[in-house]
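Spelled out, the chains give:
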Amino acid sequence: MKNKILIFSLASVSYLASGFSAGAQRFEIKPHATIGLGKGVDLESTLPMVSEKGVSNEFGVDFGYTFWESGANSLNVNIGLGYRTSSLKFRAQDMKYRYSAPPSADMDGDTYIRYYDVNDLEQKIGTGHFNIPLYLGYEYRINDWFNVYADLGFNFGIKCKATLNHISGSIDTYGIYPQYGDNFEIKDPFMNGFGEHALSSSMKGKISANSFMPSFLVGAGVETKIWGPLWFMLGFRYDCGFNNMFKNLIEGTTPFTASTAPVTYTVKDGERVTPISDYLNKSRLSVFSLNFGFSVKF
């Protein structure tokens, strides 16, 4: 009887020890950062573009729980909180256009045809999103010091800012007043903002961005043990957005009007530059990133 009790006690201790050992490695905290490789946003514009450049980076912390383990294989579920910044730079082709100017664009309240020659128009747009990633992770333990992993899931982005940070370029503009005779032209700088001017950030309009930006994420990499519960992670990740980052407010560009032209004028507000983001019929997140950070397992 004593032998049976001893055997049962040893078996119970062994079971509890193994369960404790497994439980001690079930939780994980992963502070990390991603550096975007490429422009970060897949763009299409109805406005003729010369160049588009961008970068998208993120930092955050994820929390994981291992719910299944068999030999060297394990599965975990993860949720986190991060902050992504994106910076986009646009340069439009030189443009010549005209539109029918309303009375608000004339100091005497007349209507006329306003002509523009826009050169070297450049804009820089910055965005910031809080991200909530939710994903499954697979991990294969090669040895006590080296693991490989793969992640698959979703990222839910919530906009916290979208600003037009920089505008540069130049314009040459004049007005034709047909009611005063054929080709009656006014180009005097003291009237209605006519003449040659440099564009500046003080002329910027408001960015219209979507508040919610979900994306699909997939990643893979390696982990190496530093000491005790501390591991170093290095890998790659791809995020693909489901919807556009910006609202496409101007779907067509021909002919321009007083509300759709890249640069417009009113006596009250002066020259106003329309954000190039208004002309984007496609602006989906598409970023391949280098992902690195640390993992604490307990």
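Rules and cut-offs
- Residues numbered from 1 in each chain as written.
- Predicted model: local features only at pLDDT ≥ 70, side-chain atom pairs only at ≥ 80, totals over all residues.
- Heavy atoms only, no water.
- Helix = DSSP H or I, 4+ residues; strand = E, 2+ residues; numbered from the N terminus.
- Rg over C-alpha atoms; globule rule 2.2 N^0.38 Å.
- Buried < 20%, exposed > 50% of the residue type's maximum accessible area, 1.4 Å probe, protein only.
- Contact = heavy atoms within 4.5 Å.
- 1 Å grid on protein atoms, 1.4 Å probe; cavity = no way out; pocket = protein on both sides within 12 Å on 5 of 7 lines; lining within 4 Å.
- Points joined across faces, edges and corners; volume = space filled by probe spheres on them.
- Nonpolar A, V, L, I, M, F, W, Y, C, P; charged D, E, K, R; others polar.
- Lys, Arg positive; Asp, Glu negative; His and termini not counted.
- Salt bridge = Lys/Arg side-chain N within 4 Å of Asp/Glu carboxyl O.
- Polar contact = N/O pair within 3.5 Å; in protein donor to acceptor, adjacent residues only side chain to side chain.
- Pairing = 2+ DSSP bridges.
- Phe/Tyr/Trp six-rings, centres within 6.5 Å; stacked < 30°, edge-to-face > 60°.
- Lys NZ or Arg CZ within 6 Å of the ring centre and 35° of its normal.

What follows concerns the overall build of the protein. A tally of regular secondary structure across the protein gives one helix and 14 strands. For 298 residues, the compact-globule estimate of 2.2 N^0.38 gives 19 Å, and the protein exceeds it by more than 25% at 29 Å. In terms of overall dimensions, the protein has a C-alpha envelope of 120 × 25 × 25 Å along the principal axes. The burial tally for the protein puts 41% of its 298 residues in the buried class. Contacts spanning at least 24 positions in sequence make up 78% of the contacts within the protein whose residues lie at least 6 apart.

Moving on to the layout of surface pockets. Put simply, the largest pocket is a space of about 410 Å³. Taken together, 22 residues line the largest pocket, and the ones lying closest to its centre are Gln 25, Glu 69, Glu 139, Arg 141 and Lys 297. Elements with a contribution of two residues or more to the lining of the largest pocket: α1 (2–23), β1 (27–37), β3 (49–70), β4 (73–92) and β6 (112–143). Of the residues that constitute the lining of the largest pocket, the class distribution is six nonpolar, eight polar and eight charged.

It is worth spelling out the side chain of Glu 28 at this point. Topologically, Glu 28 is positioned in strand β1. For the buried Glu 28, which has no salt bridge, the nearest side chain bearing the opposite charge is Lys 297, at an N-O separation of 4.3 Å. Here the side chain of Glu 28 touches Ser 295 through a polar contact of 2.5 Å, side chain to side chain. Discounting residues that sit within four places of it in the chain, Glu 28 has contacts with Asp 62, Phe 63, Gly 64, Glu 223, Ser 295, Val 296, Lys 297 and Phe 298.

Let's shift gears to the pairing of β4. Examined bridge by bridge, β3 and β4 share 20 bridges and lie antiparallel to one another. By the bridge assignment for β4, Glu 58 is matched with Arg 84. Hairpin geometry of β3 and β4 is characterised by an intervening segment of two residues between the two adjacent antiparallel strands and by a positive phi of about 60° at Gly 71. Note: β4 against β6, 17 bridges, orientation antiparallel. Bridging across to β6, Tyr 83 finds its partner in Phe 130.

With that settled, the discussion passes to empty space enclosed by the protein. Applying the stated criterion across every chain yields a total of one cavity of 30 Å³ or more. As for the largest cavity, its lining consists of 19 residues, and the residues nearest its centre are Lys 30, Tyr 135, Tyr 149, Asp 151 and Asn 291. Contributing elements (two or more residues each) for the lining of the largest cavity: β1, β6, β7 (146–176), β10 (212–227) and β11 (230–244). Looking at side-chain class alone, the lining of the largest cavity contains seven nonpolar, five polar and seven charged residues.

For strand β12 (residues 263–266) and strand β13 (residues 270–273), the ladder comprises four bridges, and the chain directions are antiparallel. Opposite Thr 264, over in β13, you have Arg 272 as the bridge partner.

This paragraph deals with the pattern of salt bridges. Summed over the entire model, instances satisfying the criterion amount to 13 salt bridges. The partner of Glu 58 in a salt bridge is Arg 84, with the nearest N and O atoms 3.1 Å apart. Taken together, the residues Glu 58 in strand β3 and Arg 84 in strand β4 connect sequence positions 26 residues apart. When sorted by exposure, Glu 58 lands in the same class as Arg 84, which is buried. Close ionic contact of Arg 141 with Glu 69 constitutes a salt bridge, the shortest N to O distance being 3.6 Å.

Taken as a whole and assessed by the stated rule, the structure comprises 18 aromatic pairs. Linked through ring pairs, Tyr 112, Tyr 177, Tyr 180, Phe 184 and Phe 194 together constitute an aromatic cluster. The ring centre of Trp 145 lies 5.4 Å from the NZ or CZ of Lys 225, which sits over that ring. The aromatic ring of Trp 231 is capped on one face by Lys 297, whose charged end is 4.4 Å from the ring centroid.

Once that is clear, we can look at unusual backbone geometry. Of note, Asp 120 is a non-glycine position whose phi angle comes to about 55°, a positive value. Relative to the helices and strands, Asp 120 is located in strand β6. Taking relative accessible area as the criterion, Asp 120 reaches 38% and is therefore assigned partly exposed.

When you line up the elements, Tyr 149 lands in strand β7. Separated by 72 residues in sequence, Tyr 149 and Gly 221 have C-alpha atoms that sit 5.5 Å apart. Aside from chain neighbours lying at most four places away, what touches Tyr 149 is Tyr 138, Glu 139, Gly 219, Ala 220, Gly 221, Val 222, Glu 223, Leu 234, Gly 235 and Asn 291.

Position of Val 296 relative to the elements: it lies in strand β14 (residues 280–297). Take Val 296: its relative accessible area is 31%, and that puts it in the partly exposed class. A C-alpha to C-alpha distance of 21 Å links Val 296 and Val 218, two positions 78 residues apart in sequence. When sequence neighbours within four positions are dropped, the list of residues in contact with Val 296 reads Phe 27, Glu 28, Ile 29, Pro 229 and Leu 230.

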